[in-house]
Amino acid sequence: MSTYRDFAHRGTARATVLRTVGTKERRSLLTAPRVPTVGIDIGGTKVMAGVVDPDGNILEKLRTETPDKSKSPRVVEDTIVELVLDLSDRHDVHAVGIGAAGWVDADRSKVLFAPHLAWRDEPLRDALSSRLAVPVMVDNDANTAAWAEWRFGAGRGEDHLVMITLGTGIGGAILEDGRVKRGKFGVAGEFGHMQVVPGGHRCACGNRGCWEQYSSGNALVREARELAAADSPVAYNIIDRVKGNVHEITGPLITELAREGDAMCVELFQDIGQWLGVGIANLAAALDPSCFVIGGGVSAADDLLIGPARDAFRRNLTGRGYRPEARIVKAQLGPEAGMVGAADLSRLVARRFRRAKRRRVERYERYERYAQAIRNPRTPQDPAS
């Protein structure tokens, strides 16, 4: 079985091989090679890598902590390379896909900005391609998650899909007719920074009133902590659970208490869900998709969140009662969606590597035949003459 290290000595000869497609998927999935690829999901706290087969099955998965954001981009690259090399020792990998939590340019070569990593206009694709012996594809992690849900999860069969990822903030992606819509500059789908409350809560992006300040994990925790810090009677249960340490209130704890029937936590999810529904109604007015897929860590609350979102969506949808309504469904692939989608998207560029590798092998074989003929020229006495 070939591994990355087998090719490490080839230097610049492989540089022409390690090129990915540009702004569009140039080969359909029907003609993409059915080969295993590696998907990598890079977030603010973890790097997850896995070998994925053409049907979306994870053959092996590794996970490690993301290096501290104060460290150089090279440290993060080292982490990625080590994970890929580790997996390649046991699998014949043909391409690597990266789902990065940040803005990726339209060529899918640079990470323009990553809020949780020290990446600023970072040429990630070329940096990794120079160290690995297979093509590398880079995309936004929400795009890769949406692709996975469209291919293998809740969005199968949908021609127009919008995915919304609810985590610390809100991310998103748009798929139309089997293509990710990235926009002119590659940063489409940043739904979390739509302004829904002029002059509202300050957002980390620098603006005020962004959607993610009212419907996200951060919003959920902020509201719970504010009630607990004010010693509100409705917060006594959660205060008791954290023994008065307000900063220990987390999203998973709020979800757990809401499932147990805690009135305050249930109400917080209703508030978050209502804001989610308002934003989805706005997106429906602009994009008119057939399906909204809700993913990310906060979506683990299931109908505690999605139920209120559906109700608010129907109340705020423009033309309600006179137009078809998009479905709102929970994502199916969980936290592995970004990794699976990145691996699958990278298959679209794997054929280029396979063809170039085959041409190198053919050239090498021709050279060997020529060298053999020079070393052993035929004579009239040769039986083969």
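Residues numbered from 1 in each chain as written. Predicted model: local features only at pLDDT ≥ 70, side-chain atom pairs only at ≥ 80, totals over all residues. Heavy atoms only, no water.

Chemist: Please clarify how the sheet that holds strand 9 (residues 160–166) should be interpreted in this entry.
Modeler: Strand pairs in the sheet, formed through backbone hydrogen bonds, run parallel or antiparallel to each other. Sheet architecture is open: 5 strands sit in the order 11-10-9-12-13, paired in mixed fashion. Only two strands of the sheet have a single partner each, and these edge strands are strand 11 (179–180) and strand 13 (327–330). Where strand 9 and strand 10 (residues 170–176) come together, 7 bridges link them in antiparallel fashion. What sits directly across from Leu 166, in strand 10, is Ile 170. Seen against the sheet, helix 3 (residues 141–152) touches strand 9, strand 10, strand 11 and strand 12 (291–295) and runs at an angle of roughly 50 degrees to strand 10. Together, strand 9, strand 12 and strand 13 form the strand contacts of helix 8 (residues 303–316), whose direction differs from that of strand 13 by roughly 170 degrees. (Pairing = 2+ DSSP bridges. Helix = DSSP H or I, 4+ residues; strand = E, 2+ residues; numbered from the N terminus. Contact = heavy atoms within 4.5 Å. Axes fitted to C-alpha atoms, helices over the stretch in contact; angles between N-to-C directions.)

Chemist: Would you explain the sheet that holds strand 5 (residues 103–104) in this entry?
Modeler: Taking strand neighbours across the sheet as the criterion, the 3 strands line up as 5-6-7 in an open arrangement whose pairing is antiparallel. Since the sheet does not close on itself, it has two edges, and those belong to strand 5 and strand 7 (120–122), each with one partner. Sheet analysis places strand 6 (residues 111–113) next to strand 7, joined by 2 bridges and oriented antiparallel. Its bridge partner being in strand 7, Val 111 is matched across the sheet by Glu 122.

Chemist: What am I meant to see in the packing of aromatic side chains here?
Modeler: The geometry of an aromatic ring pair is captured by the separation of the ring centres together with the interplanar angle, meaning the angle of the planes. Scanning the entire structure with this criterion turns up 4 aromatic pairs. Between Trp 103 and Phe 113, the aromatic rings sit 6.3 Å apart at their centres with planes inclined by 65 degrees, giving edge-to-face as the arrangement. In this pair, Trp 103 sits in strand 5 while Phe 113 sits in strand 6, placing the two residues 10 residues apart along the sequence. Looking at Trp 103, the relative accessible area reads 38%, which means it is partly exposed. The exposure class of Phe 113 is partly exposed, given its relative accessible area of 33%. Between Trp 147 and Trp 150 the ring centres are 5.1 Å apart and the planes differ by 55 degrees, which places this aromatic pair in the tilted class. A residue pair is termed a helical-turn pair when its members lie 3 or 4 positions apart in one helix, as Trp 147 and Trp 150 do in helix 3 at 3 residues. The exposure class of Trp 147 is buried, given its relative accessible area of 2%. (Phe/Tyr/Trp six-rings, centres within 6.5 Å; stacked < 30°, edge-to-face > 60°. Buried < 20%, exposed > 50% of the residue type's maximum accessible area, 1.4 Å probe, protein only.)

Chemist: Help me understand the pairing of strand 13, please; the structure alone is not making it clear to me.
Modeler: Two faces belong to every sheet, and in a regular strand the side chains alternate between them. Relative to strand 13, strand 12 is paired through 4 bridges, and the arrangement is parallel. From the neighbouring strand, Val 293 faces strand 13, where its bridge partner is Val 329. At this point the chain moves from strand 12, through helix 8, to the parallel strand 13, and the crossover so formed is right-handed. (Right-handed = clockwise from strand over helix to strand, strands pointing away.)

Chemist: What exactly am I supposed to notice about the confidence of the model for the protein chain here?
Modeler: Low-pLDDT portions of the prediction should not be read for the details of their coordinates. When pLDDT is averaged across the protein chain, the result is 85; 83% of the residues are at 70 or more. Overall, residues 1–27 carries pLDDT values under 50, and its contacts beyond four positions in sequence, including any with other chains, amount to 81 contacts. (pLDDT = per-residue confidence, 0-100.)

Chemist: Explain the side chain of Lys 46 here, please?
Modeler: As for its position among the elements, Lys 46 is in strand 2 (residues 46–52). Residue classification places Lys 46 among the buried positions, given a relative accessible area of 16%. There is a polar contact of 3.5 Å between the side chain of Lys 46 and the side chain of Asp 41. Each residue touching Lys 46, except ones within four places of it in the same chain, is listed here: Asp 41, Arg 63, Thr 64, Glu 65 and Thr 66. (Polar contact = N/O pair within 3.5 Å; in protein donor to acceptor, adjacent residues only side chain to side chain.)

Chemist: Is there a simple way to explain unusual backbone geometry in this structure?
Modeler: Residues other than glycine predominantly adopt negative phi, and peptide bonds predominantly adopt the trans conformation. Unlike most non-glycine residues, Asp 231 shows phi in positive territory, near 55 degrees. Tracing the backbone shows Asp 231 in the loop between helix 4 (217–229) and helix 5 (236–241). Backbone geometry places Lys 243, a non-glycine residue, at a positive phi of 55 degrees. Examined against the element boundaries, Lys 243 turns out to sit in the loop between helix 5 and helix 6 (251–259).

Chemist: Please clarify how the pattern of salt bridges should be interpreted in this entry.
Modeler: Opposite charge on two side chains makes pairing possible when the charged atoms of those side chains draw close. Counted according to the given criterion, the structure contains 21 salt bridges. A salt bridge links Asp 126 to Arg 125, with the shortest nitrogen-to-oxygen separation between them at 3.6 Å. Residue classification places Arg 125 among the buried residues on the basis of a relative accessible area of 12%. Notably, a salt bridge pairs Asp 302 with Arg 259, separated by 3.5 Å at the nearest N-O pair. With Asp 302 in the loop between strand 12 and helix 8 and Arg 259 in helix 6, this residue pair connects regions lying 43 residues apart in the sequence. For Asp 302, a relative accessible area of 31% corresponds to the partly exposed category. For Arg 259, a relative accessible area of 52% corresponds to the exposed category. (Salt bridge = Lys/Arg side-chain N within 4 Å of Asp/Glu carboxyl O.)

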